[in-house]
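A look at the structure
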Amino acid sequence: VQLVESGGGLVQPGGSLRLSCAASGFTFSAYYMEWYRQAPGKERELVAGIVSSGDYADYADSVKGRFTISRDNVKNTVQLQMNSLKTEDTAVYYCKVQRGRDYWGQGTQVTVSS
């Protein structure tokens with residue numbers, strides 16, 4: 001199993017970023033996928049999850065209405081569209097799949113600052 005995140009960067013408050021996670025080594029279309037984040041000095045927290053079909057997603061209260069998770073089961077990718085970013089969204093963002101055990105990507109840094 002390999003998960004590779006991309007798309008992070010520096011953005012001003014109110015701006016947008018689109019993260020992507022490329023998955024390989026397993027039947028991507030069969031698994032629930034999640035995005036987590038970890039800010040400095042804080043525990044890793046769940047941001048969003050999406051069912052295997054892509055028909056249903058769930059979000060942390062802190063990002064509802066601002067972030068959208070989606071997936072492409074042909075390209076084996078899961079995306080996180082982040083709009084109206086706030087300074088408190090600054091964190092390393094990870095994608096995760098649970099396949100017997102948890103598999104994580106290496107993370108991508110998102111910094112929201114003016």
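This structure is a prediction, so every number in the text was calculated from the model and none was measured.

Formed by 29 residues in total, the largest nonpolar core has its most connected members in Leu3, Trp35, Leu80, Met82 and Tyr93. The residues contacting Leu3, other than those within four sequence positions of it, are Cys21, Ala22, Ala23, Phe26, Met33, Cys95, Lys96, Val97, Tyr103, Trp104, Gly105 and Gln106.

A complete count under the given rule lists 6 salt bridges for this structure. For Glu45, the salt bridge identified is with Arg37, shortest N-O distance 2.6 Å. Exposure remark for Arg37: the relative accessible area of 6% places this residue in the buried category. The partner of Asp89 in a salt bridge is Arg37, with the nearest N and O atoms 2.9 Å apart. A residue pair is termed long-range when its members are at least 10 positions apart, and Asp89 in the loop between β8 (77-82) and β9 (91-99) and Arg37 in strand β4 (residues 33-38) qualify at 52 residues. As far as the burial class goes, Asp89 and Arg37 line up, both buried. It is possible to trace a salt-bridge network through shared partners that takes in Arg37, Glu45, Arg66 and Asp89.

Looking now at the packing of aromatic side chains. Given two aromatic rings, one states the distance between the centres and the angle between the planes to describe the pair. For the coordinates displayed, the defined rule picks out 4 aromatic pairs. With 6.2 Å between their ring centres and 55 degrees between their planes, Phe26 and Phe28 make a pair best called tilted. The residues Phe26 and Phe28 share a single accessibility class, namely buried. Judged by centre distance (5.0 Å) and plane angle (70 degrees), the rings of Tyr36 and Trp104 are edge-to-face. Here Tyr36, found in strand β4, pairs with Trp104, found in strand β10 (residues 101-104); they are 68 residues apart in sequence, far enough to count as distant.

Right, let's get into the environment of Leu3. Inspection of the secondary structure puts Leu3 in strand β1 (residues 2-6). Along the primary structure Leu3 and Ser114 are separated by 111 residues, whereas in three dimensions their C-alpha atoms are 30 Å apart.

Attention now moves to the state of the cysteines. A complete count under the given rule lists 1 disulfide for this structure. Each disulfide pairs two cysteine sulfurs, and for Cys21 the partner residue is Cys95, the sulfurs being separated by 2.0 Å. Note on the Cys21 and Cys95 pair: the S-S dihedral is about 50 degrees, so by sign convention the disulfide is right-handed. Separated by 74 residues along the polypeptide, Cys21 in strand β3 (residues 17-24) and Cys95 in strand β9 bring together distant segments of the chain. Take Cys21 and Cys95: they sit in the same class, and that class is buried.

This next bit is on the pairing of β8. The element β8 is largely enclosed, with a buried count of 5 among its 6 residues. Here 6 bridges tie strand β7 (residues 67-72) to β8, and the two strands are oriented antiparallel to one another. Considered in β8, the bridge of Arg71 is made with Val78. The hairpin turn running from β7 into β8, its antiparallel successor, is 4 residues long, and Asn76 in that turn takes a positive phi close to 60 degrees.

What counts, and at which threshold
Residues numbered from 1 in each chain as written. Predicted model: local features only at pLDDT ≥ 70, side-chain atom pairs only at ≥ 80, totals over all residues. Heavy atoms only, no water. Core = buried A, V, L, I, M, F, W, Y, C linked by side-chain atoms within 4.5 Å. Buried < 20%, exposed > 50% of the residue type's maximum accessible area, 1.4 Å probe, protein only. Contact = heavy atoms within 4.5 Å. Salt bridge = Lys/Arg side-chain N within 4 Å of Asp/Glu carboxyl O. Helix = DSSP H or I, 4+ residues; strand = E, 2+ residues; numbered from the N terminus. Phe/Tyr/Trp six-rings, centres within 6.5 Å; stacked < 30°, edge-to-face > 60°. Disulfide = S-S within 2.5 Å. Pairing = 2+ DSSP bridges.

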